Amino acid sequence: MNMELSRRSFLKVAGAGVAGTTLGSMGFGDAEAAVAAHVRPFKLATTTETRNTCTYCSVACGILIYSKGDVRKGETAVITHIEGDADHPTNRGTLCPKGAALKDFVHAPTRLKYPMIRKAGTDKFERASWDQALDRIARLMKDDRDANFIAKNEKGVPVNRWTTVGFLAASATSNETAYATYKVVRSAGIVAFDNQARV
Amino acid sequence: MSDTHTIQPDPSAIGGVPKAPFALLPDASRLFARRAERFDGLAPGSDLAAYLHFLAEISRAQSDIANDLPPAEPILAEVTERSRTGQMPPIDRSSVSGGQVRATLRALFEKADAIEKPEQAATALAALRQADDATLDTLIRDALSDAIPVETLAANLFVSAGLQVHMARWAGGADATRLVPVSVGVCPVCGGKPIASMVVGVMGAEGARYCVCSCCATQWNEVRVKCVTCGSTKGVGYRSVAEDDRDATVKAEVCDECGSYVKILYANKNPSLDPVADDVASLGLDLLMRDTEYRRAALNPYLLGY
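Note that this is a predicted model, so its numbers are computed, not measured.

Chemist: What's the story with the environment of Ala20 of chain B in this structure? I'm lost.
Modeler: All names here are of chain B. With respect to the element layout, Ala20 can be found in the segment before β1 (23-24). Note: C-alpha distance between Ala20 and Glu78 (58 residues apart in sequence) is 26 Å. In this view, Ala20 contacts Gly204, Ala205, Ala208 and Tyr210; residues no more than four positions away in its chain are not counted.

As structure tokens, this is what we get:
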């Protein structure tokens, strides 16, 4: 029952035929019935609009992601469109050419979705598990650090530098993630470090 | 030489993307004429053609009287400032009464008399034309308090149409730069409920969403992907009639938190959309939504009871 309607009037203007809708009480009930018959075979399509942050650079523009289907309702969702978020104070609905191409980035067949390894002597990438990838990265980093770490300079002053490895971290991270990343990387002695990823 | 050293740096102006204005005030002289055109455009081929033609004539009658009436009452600067301080709308809906509003309504009733309409509508209008001041005041009060007795739905259509003219002309005199948000789903000029919200494509507000007041037609900015009834940003989704693969320009914005929906019109995709006309013309969506768990929360005097 619609909240706006109440039954408490005894005014003289009240019509004889009382219908529950404006259309019915105005005498357009046939038109209302025609619409009802017309739409009966149709289903409702579910779409969603989701706020997010562009992952490309540290400007962190607001984006709206349009998709067909709603994951919260147990459906699969397909991204149909991505545009700048007009309410976001940083970009006010605008996007740079890279941001404007985000949908193609999401759907790209070449998009990296899991760790891949190209071993020495081959030109093919093969899929790896996260455990394999992280173990391998940790092993190689440890070996490199053990071989090339500079604890003291030629004057004997402690410098704790590791100059043979660089570290590139993501841009659209939270302050906390950026802080933790910085602490880990600098504690290991890595000098070449960019936590902004100007891709 | 110009005095360049006094110019203060303003990094926020880089790129020159303007902030969308908070409120867009109605211009009664164009509003109803444009709406009539939209009704005319929607009618051919529609199941609702008879009703849409009728509402086109009502909108034309609104447009005619809006241009003929004496100037609307001004909103005093001190009232605007007081409302701003108290975060209240400058127009007090409970104070809408008196000779001027009744004169506006009666002018509309006279114009509406010439419009072709079904018998029930004609009966309701005939009764309204003979109604005394007290009866009219009761109907005005019911319409403005959003509590319309089910027996007066037909009368309410004509009364609300007259009130729309009165309120749009009045709200048009507000100072848009001195308005403040009152509350979610409340018009910052007259305190009315939204009829729908529109994503606009107008210059300076591309992609911004505006709620449209069902009473005075003021448009006010609300953040996208947010329920305009309860203000929640959780559980907001969209439903549309799945006619083909094209993305619909009229959708129901549903909210899982309060279980209601208000239509959202994508005027950035189709600039001819009119919140009142397209709300009526998309009745099919409301009929399909009746089978869902969501309740219609928008108020449109031409489309009550869903």
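There is more to say, and it comes next.
Chemist: How should I be thinking about the confidence of the model for chain B in this particular structure?
Modeler: Residues shown with low pLDDT carry predicted positions that ought not to be read at fine detail. Residue and element names in this part refer to chain B. With 96% of its residues at a pLDDT of at least 70, chain B reaches an overall mean of 93. By mean pLDDT, strand β2 (residues 148-149) is the weakest element of chain B at 90, and strand β4 (residues 209-213) is the strongest at 98. Among the prediction metrics, the complex's ipTM stands at 0.88, with pTM recorded as 0.87.

Chemist: Help me out: how do you make sense of the domain arrangement of chain B in this one?
Modeler: When the parts of a complex come together, some accessible area is lost, and that lost area is often used as the size of the interface. Residues and elements named next belong to chain B. Split into domains, chain B comes out as domain 1 (23-176) and domain 2 (194-296). Relative to domain 2, the C-alpha centre of domain 1 lies at a distance of 22 Å. Between domain 1 and domain 2, the residue contacts involve 21 residues of the former and 19 residues of the latter. Roughly 1600 Å² is buried in total at the junction of domain 1 and domain 2, and carbon and sulfur atoms are behind 63% of that figure. Summed over the three residues of domain 1 that lose the most area to domain 2, namely Leu24, Arg35 and Arg38, the buried surface amounts to 36% of that side. Between domain 1 and domain 2 we count three salt bridges in total. Between Asp278 and Arg38 there is a salt bridge; the shortest N-O distance is 2.8 Å. Taken together, the connections running from domain 1 to domain 2 amount to five residue pairs in polar contact (both at pLDDT 80 or more).

Chemist: What is the right way to look at the state of the cysteines in this model?
Modeler: Disulfide: a covalent bond formed between the sulfur atoms of two cysteine residues. Residues and elements named next belong to chain B. With the rule as written, the count across this model stands at zero disulfides over all chains. With no disulfide of its own, Cys190 has Cys213 as its nearest cysteine by sulfur position, at a separation of 3.5 Å. Here Cys255 is not disulfide-linked; the sulfur of Cys230 is the nearest cysteine sulfur, at 3.7 Å.

Chemist: How should the packing of aromatic side chains be read in this particular structure?
Modeler: Where two aromatic rings form a pair, the distance of their centres and the angle of their planes describe that pair. Tallied over the entire structure, the rule returns seven aromatic pairs over all chains. Residues Tyr56 of chain A and Phe105 of chain A carry aromatic rings whose centres are separated by 5.3 Å and whose planes lie at 40° to one another, so their mutual orientation is tilted. Note that Tyr56 of chain A is positioned in the loop between β2 (44-53) and β3 (62-68) and Phe105 of chain A in helix α4 (residues 102-107), a separation of 49 residues in sequence. Here Phe167 of chain A and Phe193 of chain A contribute two aromatic rings whose centre-to-centre distance is 5.9 Å and whose plane-to-plane angle is 70°, an arrangement assigned as edge-to-face. Residue Phe167 of chain A is located in strand β8 (residues 158-168), and its partner Phe193 of chain A is located in strand β9 (residues 190-194); the two are separated by 26 residues in the primary sequence. Residue Phe193 of chain A is classed as buried on the basis of its relative accessible area, which comes to 15%. Linked through ring pairs, Phe28 of chain A together with Tyr51, Phe54 and Phe158 of chain B together constitute an aromatic cluster.

Chemist: How should I be thinking about the UniProt feature "domain: FdhE N-terminal" (unreviewed entry) in chain B in this particular structure?
Modeler: The feature "domain: FdhE N-terminal" (unreviewed entry), as annotated in UniProt, sits at residues 21-182 of chain B in this numbering. Segment residues 21-182 of chain B splits into 64% helix and 2% strand. End C-alpha atoms: 16 Å apart.

Chemist: What should I look at first to understand the UniProt feature "domain: FdhE central" (unreviewed entry) in chain B in this one?
Modeler: The UniProt feature table records "domain: FdhE central" (unreviewed entry) at residues 186-224 of chain B. Annotation note: span residues 186-224 of chain B, helix share 0%, strand share 38%, distance between end C-alpha atoms 16 Å.

Chemist: Is there a simple way to explain the UniProt feature "domain: 4Fe-4S Mo/W bis-MGD-type" (unreviewed entry) in chain A in this structure?
Modeler: Look at the UniProt record and you will see "domain: 4Fe-4S Mo/W bis-MGD-type" (unreviewed entry) annotated at residues 47-110 of chain A. With 16% helix and 33% strand, residues 47-110 of chain A has its two end C-alpha atoms placed 26 Å apart.

What counts, and at which threshold
- Per chain, the residues get numbers from 1 upward, laid out in the order the sequence is written.
- Each chain takes a letter, starting from A, and each ligand takes a number, starting from 1, following the order in which they are written.
- Thresholds applied to this predicted model are a pLDDT of at least 70 for local features of residues and 80 or more for the giving and counting of side-chain atom pairs; totals over whole chains, interfaces and linings are not thresholded and use all residues.
- Where side-chain values are given, they derive from all heavy atoms of the structure, hydrogens and water being excluded.
- A helix here means a DSSP run of H or I that spans at least four residues, while a strand means a run of E at least two residues long, and both kinds are numbered starting from the N terminus.
- Here, residues are in contact when the closest pair of their heavy atoms is within 4.5 Å.
- What pLDDT expresses is the predictor's confidence in each residue, scored from 0 to 100.
- Here the limits of each domain have been adopted from an automatic or database domain assignment.
- A 1.4 Å probe defines the accessible area here, and the buried area is the portion of it lost by two parts on being joined, summed over both.
- Only one rule defines a salt bridge in this text: a Lys or Arg side-chain nitrogen within 4 Å of an Asp or Glu carboxyl oxygen.
- Polar contacts, as used here, are pairs of N or O atoms within 3.5 Å; protein pairs need one atom able to donate a hydrogen and one able to accept it. Residues neighboring in sequence count only if both atoms are side-chain atoms.
- Pairs of cysteine sulfur atoms within 2.5 Å are what we label disulfides.
- Aromatic contacts are taken between Phe, Tyr and Trp rings whose centres are within 6.5 Å, Trp giving its six-membered ring; a plane angle under 30 degrees counts as stacked, one over 60 as edge-to-face, and the others as tilted.
- Think of it in three bands: with a 1.4 Å probe and only protein chains considered, a residue is buried below 20% of the maximum accessible area for its type, exposed above 50%, and partly exposed in between.
- UniProt positions are given in the numbering used here, feature names are shortened, and annotations may be inferred rather than shown by experiment.

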